[in-house]
Structure formats: C-alpha cells, structure tokens
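Architecture at a glance
Chain by chain, the residues run as shown.
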Amino acid sequence: MTTANTIRLLLLNNSKTEAERLVSMLHASGKPNRAQYVENEESLIKLLQEQTWDLLIGKNNTTNPPPANAIKQIQRLNKDVPVILLNDTEDPSAIVKGLKLGAVDVINVDDDQHLLLVIDRELRNREQRQAKRSADRRFREAEKRSQQFLDSSRDAIAYVQDGLYLYANESFANLFEYEDKDDIEAMPIIDMASKADQPRLKKFLKDFTLKGDEAELTTLSFKGVTQTGVEKPINLEVSLVTHNEEACIQFLARASNEVIIQENEINEELEAQIKQIKWQDLVTGLYNRQFFLNELDRVINSTNEDKHLSLLYIELDEFTERVQQSFGVSGADIALANIASILRAKVHTNDVVARLSDTSFALIIPNIKADAAVARAQQLCKDIETHIIDIDNKTLQITSSIGIAIINETSTNTNACIEQARSAMEKVRNNKGNGAMLFEPEATEKNSKQDISQAIQQALDADKFKLLFQPIISLRGSAEEYYEVYLRMITQEGSEVSPNQFLDIAEEIKANTKIDRWVILESIKMLAEHRHKGNKTKLIVNLSRHSICDDSLVPWLAVAFKAAKLTPDSLVFQVSEIDVTNHLNATKLFAEGLEKMKAQFSISNFGCSLNPFNALKHVTASFIKIDGSFTTDIQSNNESPETLINLISKLHGENKITIVPFVENASVLSTLWQAGAHYIQGHYLQEPTHQMSYDFSMEN
C-alpha cells in the first residue's frame, strides 16, 4: 500500500461512533485514509489552513459546525475540498438543499456502495482540477516566455484589433522610428500609413477580419509614415492570432537575414558550448534527463499510425551494492562511463540515448517494431554483461534489466511511456534481472482475479514465495539492528508480485493465515542462519487481521521458536492500526500472549484513525510505526511538520519506540531528528533487498 493513495479526509458528524464506522468501512473497501474528526468551526478553519485535504464527508444534521458553515469556510479560504453530505431522511428536498449549499452530492447515510462510487468520482475530478491548474500555470509561464521572446525579438511584431495597436515590440517601434514601443500602443494603424494607401489598408483590414478563423497567412505592402513624417516602404506578413486570450491580427516584419547571419556567426561557438553544458550528463557524456524528456515529448507529439518507435528503460542490476559500496563514488563514475561507451557504440544514427538517473539509462529507437525492439534489448543485455570494467586494477562485470514500451498513435504523454517501460523493467529485475521484457497491459479485473487466485494456490503448494528485507535505522545511536520483512509471490513465469496485488484476493479464498505462517517460518529460518554468523539482528513481521484473531497462533509460535532454537524477542509482530481498531479484544489477547513469551508487538500505519491513542489503552505495543503519509506530505511540502512532531512527542509520552517510514530524501531527516524519532526507514536509506546486508556500523 502506498501513501500516494491515502485519502486525506475531514469528517463532520455529531456521532464520533458513526464517523469511526465510516473510516473502517473505507479501509475495508480498499481506500486507506487519514481522517480527522472536526469538533468545531475553529478547528476546521485551522485544519483547512494548515493541511491539504482531499474530501469532507459530513452528516446533513451536524451542528458543530453545520455543513453550511463548513462549506462557507472552504469557499472563504478558497480550498479545493469537495463536500459529500450524508442524508438520514426520506425527504427528497434534502438532496436539493445540500446541492444548493455547495455539496458535490447528497447520499443516503446507509448507502455505502453509492458513497464509494461518489468518492472515486470526486477524487478523479479533483485530480483533473489539479492537473488543469498545473497546466494553467505552465501555460501562463509559457505566455510569459513568449512575451519575453516578443519583446526581445529582432523581428518587428505588432498586434492589431479594431484598427488599433494592442501591442508592438521595440523592433516594430524602431521600424517606424519611434523610440519607445509604448508610443505606438492604442494608436490607429491608419495614422501610420500614407494618405494614398489609407483606403486600401482599411479595406484589407476589414476583409481580413471578416474571414475570421478562415483567414490565412498573407502579405501586406504599403507606404508607412515614420514618427518624423517620412514615408518608407513597409512589407508585413499578416495572420490571425490570439494575444492575451483575444483574437487579433498579427503584423510581422522579418529582420534582415544579413544581420541575423552575422550575429549568429559571432555567437555560434558560445551557443554551442552553452547547449552542450545544458543538455549533457557530465559523468557519462550522454544526453541528460531533461534533454531526453524534451525529445521523447517531441517524438510522442509527432507519432502517427505509420510510425513504430520503442522506448528502452535500462537499469543496472545491484549497482549500488556491487559497485558504489565497493569502489566508492569515483569507481561508480568509471563504471557508468564504461556502460555509456557501450550504449554509444551500439546505438544507430537516429537513436537517442541518455542517462535518466544514477543507475538508469533510456533509449529511443525509431522505425522498429515490438519483436525487433525486444531482440535488440536482449542483445544489449548481453553486450553489457560481457563487457569487462577495470576499476583500480580490479575487474568487474555487471548486468542490466531492460523494459520496453511501444510508442505509437495511442501514446499520450511522456510520463506514461516512461512508466510503462519502467514497469516492464521492474518485472525483469524482480525475476533476477539480466534480461528484457516488453510492457503488457494488465489483464481485465475478472481474469486477473482468477489468475491471481490460481497463482496464490500454486505458490502455497510449491513454496513459491520470497522474502525481502528493508533496514530500519536508528536516529539515536542504538546498537539494535532491525529489518522489516516484505513478502513477494513468485509466478510460474518467475516474476515477483507484491502483496498489494494478491493479499485482498488471498483474503477472499481464506489463504491469509497460511501465507502469514509461511512468512513467520521463513523469517525464523533465515534469521536463525543470519544470527548463527554472529549477528544480533531482529525482524519485524507483518500479520493480517485473520492471524491476530487466530487463537492457535501464539501456541504455534512458541513451538516454532523452540524448534528453531531462536529466542522469541528476536521477532517483532506488526499489525495495521485499522485491524487493531476493528479487533481490539482479539489484538489485546494476542499482544498479551506475545508479551508472556517475551516477543514484542508493533502497530503500523499509526495516526490514521480518529482516535489512534485509544487502541494504546487496550493493547500493549512496544513499537509504533507512523503512517507514511505524514512523511510523504512533509517531503512534498503539502503539510507542515508540526502534526508529525506532535504525534511523535505524544507517543514518546506513552513510552513508545517510534519508527518513521517513507524517508525518500535527506530534507526530512533534520525534522525527524529534532522530533526525537527513534528509527527511520525508506528508499533513501535502502530499498528492500533479498539479503540482510545493510552495514549498520556506518550509522553508529
């Protein structure tokens, strides 16, 4: 589950119990959320001003604050927070009343399926509005740049509407010997033409305007009158354009070619140097990411049914572990330069190859069909694998995973194409890497469910699961070494499938407890082997709600630990906050059973329920893993760190050990340090790997 899908939710309801039922229903329906119960209008205003929210769901008879006041405050603060009202009356006029207030919909309070559909719709609508606002900002920026180009252009350019100059640049003003372009604006164009040509100019403008959208580019010649009264020949290109969102006529007089050529010759060498610096990756000498994105965007916009292009996303396998950690940054740069030389040698004249990020490259191949693209990618894998890299008199060979996306008339945007190729690359990498794969869309929901159900059963029968380990790093200098265990299912084709894609279906076929017990046994087995080498590592293992409700699990755990000769305190069992909240009694008994056998308990995704600390009154938990959306919001500047800092402080008051996940960059580290977080976790530190290989000594 990723925090990108976490719904930021405000709730208005006189009954907190009803609000909690709604939060549980959303979680059970696959809609993770961070909900905030609004207690009064003052707190609503504070929440709206300090944080970003996706939705507000309110009961129509709520009194503090009433929905009308909430909607008014949202509008007053100019926030894009759709309001959905829940109606518990049979009166149809309540729907009309709610819509008039400004709600996006009014739904019967017990119609959960209708509510889920409306939530999906409004989240999509909000995403589209955000995209439009982003596009509008980019459009305004483009207009500003265009205006700057107009103002500095050597070509004389002016815009005319109703016979008056709306705008003229300096070059156009100089054409008529005016010192300041402002002197021309709002001046009648007729006043700048000779009397003999004025009737012909009037007729031309009238006829050109009447043609409207059908007007085509044409030329206009007349004798103009300069500011000093001297007549001179004027030759213009005339076209219909839009300026400041208004239709108008553009006058364009081209600058002298001789002047342009002379200036170009003077600046040619400097411009070439600037261009090289701007578009080149300094380590590899290839094009950089920005150039590649621009080129890919151009290719997509010019693609039609007759064109066949392919995008190759090339990721170097285990580069950080095998190269950077062994040879350092300078050695890694040497290896990257070597790979770049292979790519440069293997590309054709019309191909475009670039470095996308630290360990990934990309290649656009024109005029190639899918099968040929796959064959070429596979050959490229072999070329990289067989190449010997020499770093400090030591030789090294590395492999690569390549994903391929087809670019054709159905391709819509740059990000979608890259994501398709990257997705195919991930499948290759999850299947041990060193290969190439063409992106294929997911199967339909019905077929996908059937396939996944069969895959789960086959994986259980044939032991086709795999564990990954992500280190959890201490910010307080603790000597404890922790990894969180993640599960992957291996398909018959050998690719790895994340739990997000199969656990819901595993629940439908009642396979969750079997999967949990496989994870526990495999974790105990691998940890025992790891500890036998002298390590003091501990693992955090996630359990489903079915396992915590299983009375036989704790006795079974005692037998499993004894058989493996492993002390129970080496494992921490972790359960999601929503499952703890929905099964308080069962979780309490489970946590007490763990405590008796000296094992520890952790609650994950903490902070999303309306009253998260209520669970801590009933359930003994040593560790609290805070929901990743808090960290994500801070890193994306959608939320101030105050909420997270206060949450951590309150947890420390409860003597809980805090883990903050989703640390994706260094910007959030100082905040977490000052907040007193005990442990951090995330891809910035290390992504999940197949071995427990993190060097904890670096942190100490």
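What comes next is a walk through the structure.

1. Some remarks on a positive patch on the surface
On the surface, Arg 137, Arg 138, Arg 140 and Lys 144 cluster together into a patch of positive charge. Positionally, Arg 140 belongs in helix α5 (residues 112–152).

2. Observations concerning the pairing of strand β3 (residues 55–59)
A large share of β3 lies buried, amounting to 5 of its 5 residues. In β3, alternate side chains face the same way, and those of Leu 55, Ile 57 and Lys 59 on one face and Leu 56 and Gly 58 on the other are all buried. Pairing of strand β1 (residues 7–12) with β3 involves 4 bridges; the strand directions are parallel. Of the residues in β3, the one forming a bridge with Leu 12 is Gly 58.

3. Concerning the packing of aromatic side chains
Scanning the entire structure with this criterion turns up 16 aromatic pairs. Ring centres 6.2 Å apart and planes at 45 degrees place the aromatic pair Phe 465 and Phe 502 in the tilted group. One end of the pair, Phe 465, is in strand β18 (residues 465–474); the other, Phe 502, is in the loop between β20 (496–497) and α14 (503–508), and 37 residues separate them in sequence. Per residue, the accessibility class of Phe 465 equals that of Phe 502, and both read buried. A ring pair is formed by Phe 606 and Phe 613, whose centres lie 5.4 Å apart and whose planes are at 85 degrees; its orientation type is edge-to-face. Taken together, Phe 469, Tyr 483, Tyr 694 and Phe 696 form an aromatic cluster joined through their ring pairs. Just above the ring of Trp 673 sits the side chain of Arg 476; from NZ or CZ to the centre is 4.0 Å. Across the ring face of Phe 613, the terminal group of Lys 650 is positioned such that the distance to the ring centre comes to 4.5 Å.

4. A closer look at the sheet that holds strand β8 (residues 218–225)
Across the sheet, which stays open at both edges, the 5 strands sit in the order β7-β6-β10-β9-β8 with antiparallel pairing between neighbours. What marks the edges here is a single partner per strand, and that holds for β7 (164–168) and β8. Sheet twist, expressed as the mean angle between neighbouring strand axes with direction ignored, is 35 degrees. Sheet topology places β8 next to strand β9 (residues 231–243); 8 bridges connect them, and they run antiparallel. Bridge pairing links Phe 222 to Ile 234 in β9. α5 contacts β6 (156–161), β7 and β9 of the sheet and is inclined by roughly 95 degrees relative to β7. The sheet strands contacting helix α7 (residues 198–210) are β8, β9 and β10 (246–253), and the helix crosses β8 at an angle near 150 degrees.

5. Focus on the pairing of β9
Where β8 hands over to β9, the hairpin turn is made up of 5 residues, of which Gly 229 adopts a positive phi near 90 degrees. When β9 meets β10, the two strands line up antiparallel, connected through 7 bridges. Note that in β10 the partner of Ser 239 across the bridge is Gln 250. Connecting the antiparallel pair β9 and β10 is a turn made up of 2 residues, with Asn 244 showing a positive phi of about 55 degrees.

6. Brief notes about the packing of helix α2 (residues 41–50) against helix α3 (residues 67–76)
Contact pair α2 / α3: the axes reach a minimum separation of 10 Å and the direction vectors enclose 30 degrees. Taken together, α2 and α3 sit at an angle that is classed as roughly parallel. Seen along the crossing, α2 lies across α3 with a hand that is right-handed. From α2, Glu 41, Leu 44, Ile 45 and Leu 48 reach across to α3, where they touch Asn 69, Ala 70, Gln 73, Ile 74 and Arg 76. Tallied by class, the residues present in the contact of α2 with α3 amount to 5 nonpolar, 2 polar and 2 charged.

Cut-offs applied
Residues numbered from 1 in each chain as written. Predicted model: local features only at pLDDT ≥ 70, side-chain atom pairs only at ≥ 80, totals over all residues. Heavy atoms only, no water. Patch = residues over 30% accessible without salt bridge, like charges linked within 9 Å, V, L, I, M, F, W, Y side chains within 5 Å. Areas by Shrake-Rupley, 256 points an atom, 1.4 Å probe, with all protein chains shown as cover. Salt bridge = Lys/Arg side-chain N within 4 Å of Asp/Glu carboxyl O. Lys, Arg positive; Asp, Glu negative; His and termini not counted. Charge placed at Lys NZ, Arg CZ, Asp CG, Glu CD. Helix = DSSP H or I, 4+ residues; strand = E, 2+ residues; numbered from the N terminus. Buried < 20%, exposed > 50% of the residue type's maximum accessible area, 1.4 Å probe, protein only. Pairing = 2+ DSSP bridges. Phe/Tyr/Trp six-rings, centres within 6.5 Å; stacked < 30°, edge-to-face > 60°. Lys NZ or Arg CZ within 6 Å of the ring centre and 35° of its normal. Axes fitted to C-alpha atoms, helices over the stretch in contact; angles between N-to-C directions. Contact = heavy atoms within 4.5 Å. Parallel < 35°, antiparallel > 145°, perpendicular 65-115°, else oblique. Left-handed = near helix turned anticlockwise from the far one by under 90°. Nonpolar A, V, L, I, M, F, W, Y, C, P; charged D, E, K, R; others polar.

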